[in-house]
Amino acid sequence: MQRETQSLSRLRKAAPNSLPRPDGELEALERAWAPPKGWRRLSAVNNTQVGLWYIGAALLFMLLAGLLALMMRTQLALPQNDLIGPTLYNQLFTMHGTVMMFLFAVPVVEAMAVYILPAMLGARDLPFPRLSAYALWAYLIGGLMFFGTLFFDAAPSGGWFMYPPLTSYEYSRGIGADFWLLGIGFIEISAIAGAIELIVGTLRTRAPGMSLGKMPIYAWTMLVVGAMIVFGFPPVIAATLLLEIERAFQWPFFIAARGGDPLLWQHLFWLFGHPEVYIIFLPAAGMISTMVPALARTGLVGYRWVVAALIGVGILSLGLWAHHMFATGIPQLSLNFFSAASMAVAIPTGMQIFAWIATLWRGNVQRSTPTWFLLAFFASFVFGGLTGVMLAVVPYDWQVHDTYFVVAHLHYVLIGGMVFPLFAALYYWAPLVYGRKLSERIGTWACALMFSGFTVAFLPMHLTGLLGMPRRVHTYQAGLGWDALNLVSTLGAFTLASGIALVFVDLALSSRRTRPERPNVWHAGSLEWLPQGAYGVRSIPRVEGQYPLWDNPALAPEVQSGQHYLPGTATGARETIVTSPIDASPQYLLLVAGPSWLPLLAGAGTAAFFLFLTVKLMLPAALGGVIALVACWLWLWQTDRGPVHAPVDIGGGITLPVYASGSVGHSWWAMVVLLLVSGTILSALVFAFYYYWTIAPGPWPPAPDTLPAWPWPAAAALLCAGSARLLRRARQALDRHAHRGLRAHLGIAALTSLSAWMIAIHGQWQAGSLATAHAFDASVYALLSYQGLFVAVVLIMAAYLLARSLAGVLDGIRRVSFEVCRLFWLYTLWQGVFVLAVIYGSAALAGAT
Amino acid sequence: MSVSIGSRLLLLTGGLLIWAGLFLFSYILAALACARGFADSAWLGVGVVPLGLVLAAVAAMAGLLRLIRHARRLGARVQHARRLDDTAGVSADVARMVCLLAAIAIAWHVLPVLISGTHC
Ligand code: HEM
Ligand SMILES: [Cu+2]
């Protein structure tokens, strides 16, 4: 490492741009990035603004859910307390858990990344700022509405994992469960939007020279987390869809009497739920890997080991889901695998912990608030990890399942593993926002209160659990040995809350004393500590090592005086450099979208659509949906601007085009990620389809005579293939600038895609298959309906492309819109063929044997 | 040097993807064995399920070995070329570490079944 740095400095080339910079260059850059003023600020989309709002919204939800926790702890302070009745208590723990997990933990780690990551990568913004703005508004508005259900006695009460049959139509008649299913289903959309942003951002907008091997660990982490969201969230999206359909239309996915199985929900939920834990923890680990070297003033020990550990956690965590189901009677044989994987995953986490300890050991640690919070993290997270390994032992889990031992464990890993690091991060990165550190004195007190309160609240709960107190009970008898323990826990909870309150006092006090400059108070080595304006860095640095600010002490003045790449705006608009994914060599200039009301409008429309749908107000729901759709349409319309400018000289002899189509383009990458998500949702539905097979007591398919004759699916598959061919013709027409041909082929291809779907669904229907009859039929219709959703999107895309062609903004050069839609379209067609093959192919196979 | 990001990511994650494949295989094998009632059946005195598992694990380990060798060659090439860009070197190292993790996870994966048997 040391040697590498030296040889680099000997070889250091002159900065890519020379001084003095032309007059007005900085002013033009400032103009392009000037944030909107007054109430128009709400239309801002750049990551420094949206990121802050996003963090604020997530912290707000933490406070709200925390209040619910205090209510619960107050109720539990004394035995046989009748402050809160069972109905409300059920709503409280459900909302507390749900809001903490879905509206605080996941959003806050994404929000931190939205704020910090571009600066750390040396980008001026994320590749799709309006997408993050949309994600923020949809999440904030939707989340507040969801929380509001508490005030109308309409909150869900089935626990944060919402197991049927308790949450089925029969046992949860109110609309609470629907709020959960639709509300969370739609929060997930916002999480996925964030993941697309993070993946494309880390892979494509790194500063020139920041190859994969020099990428900050935090960026590696967010890349892994993005991938985990892509593969982790789809199962629960599928599950919420299925349960909501069951509740609304009585398709019996989880009803045992009609061939369904409530356990299927648990599989799908925890296929998501365990990766979720790491989706929450890994970003915290990434922040720790950033803070520890800066606070210890030495590079992270074992960079490569840590990267390997991140990959290890990311993949191993996919094989843990059934450890939440040890007590459900799944075959012992299968449990072995999940138990083993649950222990194996401790290894990569341990590797990271040793890397941090070694770094602290080697370095010279600064005594400051972030350090204290990190120590609190070490103490509590290691403890929680150990109780986790205890729980991975199947017989032990049987003993303490559903007791307060589990409540203690999960708060040790969640609060220990992500809340303490998050607060460390707030103190560590606050100078980027306030221009100064937060108060060391208040911070130290806050940390002491939080850690002691946390320990007093949750350490005794292990015992309470071992003594047999079940979770999710609104009260308990006196004299079972739980009284004192509960009282102590409640006192601890209030102490913890007072520590959190103190942090907010500190934030409020500091916000009145902000300074414009952004000093590198920790003498950190990563790029976010470069001097920045609303435009990010003045010029985009050339990166030569893992700690650019340490490797080249002159980097900050060089960057600020405009000596590095793109020291201004070349086109007069917002821009950032897109680089190649492995070695980060510059490829083209991305024109970044500016302020707009459309994301806000689309977000509000989406939230309204889901809300009104839940309370079955169809007209307002339709209105919300149309608003969202129109806003998205207009917003996308503005994005594909074509080569509006001649290629640009960014310095160092590099000239970049301002438009890129094909697989180089960032939109193409975003679409690929979206398709990965779609494919994973499909796999979850296919998993459900086959799952019914393995549990079927009798023959499968249960009623073969309600399957269509082979010509139906065969015709549908042929039409899909034909549509793909037409699409190819359309592309050839586009290459030849043959506008008529393009439109004709697009139109016919759309009709063919639609008719393929209609034939498939009609075939199934005319054979006499009813979705309400049996889980098998329901799962067939679920697969076909999922395909229908994609076909609907394809039709909208076709209309969009036709409109663009007619408006003269789609041609052989300005063609990104076409390429991105084509990718989705082709995927849809092949998905159609695959779905038909799965359904009718396996039915035929099973019938033959 | 122009490797695609896809193949680079495949190299980095390959070891554990092999583990994931084995996991999926075992999960399906166990589900079928219990649902279709052949969990305890034997072939020439050897349990069918343990046999299947061990064979799959051996295949997986062989896959890991190949991957490790591939990564080592890549690493050696990088050193030889004394290139300043360390991406390939880092990737080769990380890939091997991931393989190591996968090897431990795989050993761990089959042992319990061999020890505690194949009850459903
Ligand atoms: C102020 C700190 C907190 C306190 C005092 C607290 C307290 C509680 C209490 C009393 C319960 C209900 C136990 C029961 O009746 O079964 C609970 C459940 C839960 N908490 Fe917390 N909690 C806190 C912070 C958090 C955080 C930060 C998270 C996640 C990031 C979290 C996630 C959960 C979850 C997932 C449940 C399970 C809900 C369910 O059973 O459905 N909590 N917590
Ligand atoms: Cu888990």
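Residues numbered from 1 in each chain as written. Chains lettered and ligands numbered in written order. Predicted model: local features only at pLDDT ≥ 70, side-chain atom pairs only at ≥ 80, totals over all residues. Heavy atoms only, no water.

Looking at the overall build of chain B
What chain B contains, in helices and strands, is three helices and two strands. Beginning at the N terminus, the succession of helices and strands in chain B can be written as α-β-β-α-α. Radius of gyration (C-alpha) of chain B: 18 Å, far over the 14 Å computed for a compact globule of 120 residues. Dimensions of chain B, computed from C-alpha atoms along their principal axes, come out at roughly 60 × 20 × 20 Å. (Helix = DSSP H or I, 4+ residues; strand = E, 2+ residues; numbered from the N terminus. Rg over C-alpha atoms; globule rule 2.2 N^0.38 Å.)

Quick word on the coordination of the iron atom of ligand 1
Tetrahedral metal sites with four donors have an ideal angle of 109.5 degrees; octahedral sites with six donors have ideal angles of 90 or 180 degrees. All names here are of chain A. The iron atom of ligand 1 binds to the protein through His-96 (NE2) and His-411 (NE2), with metal-donor distances spanning 1.9 to 2.0 Å. Coordination geometry of the iron atom of ligand 1: the six donor atoms subtend angles of 89 to 180° at the metal centre, consistent with an arrangement described as octahedral. Of this pair, His-96 sits in helix H4 (residues 86-121) while His-411 is found in helix H14 (residues 404-434), placing the two residues 315 residues apart along the sequence. On the basis of relative accessible area, His-96 is assigned to the buried category, the value being 13%. Judged by its relative accessible area of 16%, His-411 is buried. (Donors = N, O, S within 2.8 Å, 3.2 Å for Na, K, Ca; no water. Tetrahedral: all angles 85-135°; square planar, octahedral: opposite > 155°, others 65-115°. Buried < 20%, exposed > 50% of the residue type's maximum accessible area, 1.4 Å probe, protein only.)

Observations regarding the domain arrangement of chain A
Residue and element names in this part refer to chain A. Parsing chain A into structural domains produces domain 1 (46-281 + 559-576 + 596-619 + 626-659) and domain 2 (684-845). Each of domain 1 and domain 2 was reduced to a C-alpha centroid, and the two centroids are 28 Å apart. Each partner contributes residues to the interface: domain 1 has 25 residues there, and domain 2 has 29 residues. Of the roughly 2200 Å² buried between domain 1 and domain 2, counting both surfaces, carbon and sulfur atoms make up 72%. Looking at the side of domain 1 facing domain 2, the largest losses of area belong to Trp-251, Trp-637 and Asp-640, adding up to 27% of the total buried there. Our count for the domain 1 to domain 2 interface comes out at zero salt bridges. Elements represented by at least two residues in the side of domain 1 that touches domain 2 include exactly helix H7 (217-249), helix H8 (262-296) and helix H20 (618-637). (Domains from an automatic or database assignment. Contact = heavy atoms within 4.5 Å. Buried area = accessible area lost by both parts, 1.4 Å probe. Salt bridge = Lys/Arg side-chain N within 4 Å of Asp/Glu carboxyl O.)

Brief notes about helix H10 (residues 332-344) of chain A
Residues and elements named next belong to chain A. For H10, with 13 residues, the first-to-last C-alpha span of 19 Å sits near the 18 Å given by 1.5 Å per residue. In terms of burial, H10 is largely enclosed, as 11 of its 13 residues are buried. The set of residues buried in H10 consists of Leu-333, Ser-334, Leu-335, Asn-336, Phe-337, Phe-338, Ser-339, Ala-340, Ala-341, Ser-342 and Ala-344. (Expected span 1.5 Å × (residues − 1).)

What to know about the interface of chain A and chain B
Taken together, the 42 residues of chain A in the interface contact 43 residues of chain B. Counting each side, the surface lost to burial between chain A and chain B is near 3700 Å², with a carbon and sulfur contribution of 80%. A per-residue breakdown of the area chain A buries against chain B is headed by A:Arg304, A:Leu333 and A:Phe337, which together make up 20% of the total. Among the ionic pairs, B:Asp93 bridges to A:Arg304, the shortest N-O distance being 2.7 Å. Where chain A packs against chain B, one counts two residue pairs in polar contact (both at pLDDT 80 or more). Only helix H1 (2-11), helix H9 (303-316), H10, helix H11 (346-362) and helix H21 (666-695) of chain A provide two or more residues apiece to the side of chain A that touches chain B. The leading source of residues in the side of chain A that touches chain B is H10(A), at 10 residues. (Polar contact = N/O pair within 3.5 Å; in protein donor to acceptor, adjacent residues only side chain to side chain.)

Comments concerning the pattern of salt bridges
All names here are of chain A. Tallied over the full model, the rule gives nine salt bridges over all chains. Two residues, Asp-402 and Arg-471, come together in a salt bridge whose shortest N-O distance is 3.9 Å. Placement of the pair is Asp-402 in the loop between helix H13 (394-400) and H14 and Arg-471 in the loop between helix H15 (440-466) and helix H16 (483-511), with a sequence separation of 69 residues. Residue class for Arg-471 comes out buried when judged on its relative accessible area of 14%. Between Arg-815 and Asp-735 there is a salt bridge; the shortest N-O distance is 2.9 Å.

Here's the deal with the state of the cysteines
Residues and elements named next belong to chain B. In total, this model carries one disulfide over all chains according to the counting rule given. Across the disulfide from Cys-34 sits Cys-120; the S-S distance is 2.1 Å. Between Cys-34 and Cys-120, the S-S torsion sits near -90°, and that sign places the bridge as left-handed. You can see Cys-34 sitting in helix H1 (residues 5-35) and its partner Cys-120 sitting in the segment after helix H3 (87-116), a full 86 residues away along the chain. (Disulfide = S-S within 2.5 Å.)

Quick word on the nonpolar core
One finds A:Phe104, A:Trp265, A:Trp356, A:Trp429 and B:Trp19 to be the most contacted residues of the largest nonpolar core, which totals 313 residues. Tallying contributions element by element places H4(A) first for this core, with 22 residues. Per-domain counts for this core show at least three residues from each of domain 1 (46-281 + 559-576 + 596-619 + 626-659) and domain 2 (684-845) of chain A. Non-local contacts of A:Phe104, meaning those with residues more than four positions away in its chain, are made with A:Ala58, A:Leu59, A:Met62, A:Val99, A:Met418, A:Val419 and A:Leu422. (Core = buried A, V, L, I, M, F, W, Y, C linked by side-chain atoms within 4.5 Å.)

Some thoughts on the pairing of strand E4 (residues 586-591) of chain A
All names here are of chain A. Relative to E4, strand E3 (residues 575-579) runs antiparallel, the two being bridged by five bridges. Note on E4: the bridge partner recorded for Val-578 is Tyr-588. Connecting E3 to the next strand, E4, in antiparallel fashion are six residues, including Ala-584 with a positive phi near 55°. (Pairing = 2+ DSSP bridges.)

Some remarks on the packing of aromatic side chains
For the structure on display, the rule yields 65 aromatic pairs over all chains. Considering the side-chain rings of A:Trp321 and B:Phe23, the 6.2 Å spacing of their centres and the 65° angle between planes classify their relative orientation as edge-to-face. Of this pair, A:Trp321 sits in the loop between H9 and H10 while B:Phe23 sits in helix H1, which puts the two residues in different chains. Positioned above the aromatic ring of A:Trp39 is the side chain of A:Arg40, whose terminal nitrogen or guanidinium carbon lies 5.4 Å from the ring centre. Here A:Arg204 stacks its cationic end above the ring of A:Trp669, 4.7 Å away from the centre of that ring. (Phe/Tyr/Trp six-rings, centres within 6.5 Å; stacked < 30°, edge-to-face > 60°. Lys NZ or Arg CZ within 6 Å of the ring centre and 35° of its normal.)

A closer look at unusual backbone geometry
Residue and element names in this part refer to chain A. At the junction of Leu-19 and Pro-20, the peptide bond is cis and its omega measures out at -5° in the coordinates. Turning to its location among the elements, Pro-20 is positioned in the loop between H1 and helix H2 (25-33). With an omega of 10°, the peptide bond between Pro-164 and Pro-165 qualifies as cis. Structurally, the position occupied by Pro-165 is in the loop between helix H5 (129-148) and helix H6 (176-204). Even without being a glycine, Arg-472 presents a positive backbone phi close to 60°. With a phi angle near 55°, Ala-584 is a residue other than glycine that sits in the positive phi range. Looking at the element boundaries, Ala-584 is found in the loop between E3 and E4.

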